[in-house]
Amino acid sequence: MTGQDDENAIRQLLARLYDAWARGDGAGYAACFAQESDYITFNGIHLRGRAENAEVHGALFRSILKGSKLSAEIESIELLSGGVALAHTVGRGRKKGYQTYVLVKSGEQWEIRSFQNTRVLPLSVWFTRWMQKRGLLE
């Protein structure tokens, strides 16, 4: 597989991830992750492993996330080594957020090993930048 093939495979994996979310399929969503994976939600919950990911997302898809869709654009995919990649996306739904994925290659397939989702808090961002410009963060 070439670097471009790997990047395309990662894009396809993320498309499957978004599709499973849109279908409300907790097991399908979690299947995009490695068996031993770490998933940090926007509110700081740490899901450990594919089984917990499937259980929690399945419950969320049956309740507060029912009918929701992911709206994220891939900002970058960087192949760090032959079997490790880093991807960044930005979500622009109701609330802006940034997502970081560490992906690993298992055989010919890519899986998400670690995921971090951070919700942007505009007032906090503005205040931090304001302090930075005034030299108050040194």
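In this report, we go over the structure that sits alongside the text. Each chain carries its own residue numbering, running from 1 in the direction its sequence is written. Thresholds applied to this predicted model are a pLDDT of at least 70 for local features of residues and 80 or more for the giving and counting of side-chain atom pairs; totals over whole chains, interfaces and linings are not thresholded and use all residues. The side-chain quantities take in all heavy atoms of the structure and omit both hydrogens and water.

**Considerations on the sheet that holds strand β5 (residues 96-106)**
One key point about sheets: their strands pair by backbone hydrogen bonds, in either a parallel or an antiparallel sense. For the record, the criterion: Should DSSP find at least two bridges between two strands, the strands are regarded as paired. The helix count covers DSSP runs of H or I at least four residues long, the strand count covers runs of E at least two residues long, and both are numbered beginning at the N terminus. Interaxial angle, 0 to 180 degrees, is taken between N-to-C directions of lines fitted to C-alpha atoms, where a helix line uses only the stretch in contact. Note on contacts: a residue pair qualifies if any of its non-hydrogen atoms lie within 4.5 Å across the two residues.
Strand order in this open sheet of 6 strands is β2-β1-β6-β5-β4-β3, and the pairing throughout is mixed. With one partner strand each, in any of the chains shown, β2 (46-48) and β3 (72-81) form the two edges of the open sheet. With strand direction ignored, the average angle separating the axes of adjacent strands in the sheet is 15°. Both β5 and strand β6 (residues 109-119) contribute to a ladder of 10 bridges, which runs antiparallel. Residue pairing across strands places Gln99 opposite Asn117, the latter belonging to β6. Where helix α1 (residues 3-23) meets the sheet, it contacts β1 (33-40), β3, β4 (84-92), β5 and β6, and its direction lies at approximately 140° from that of β3.

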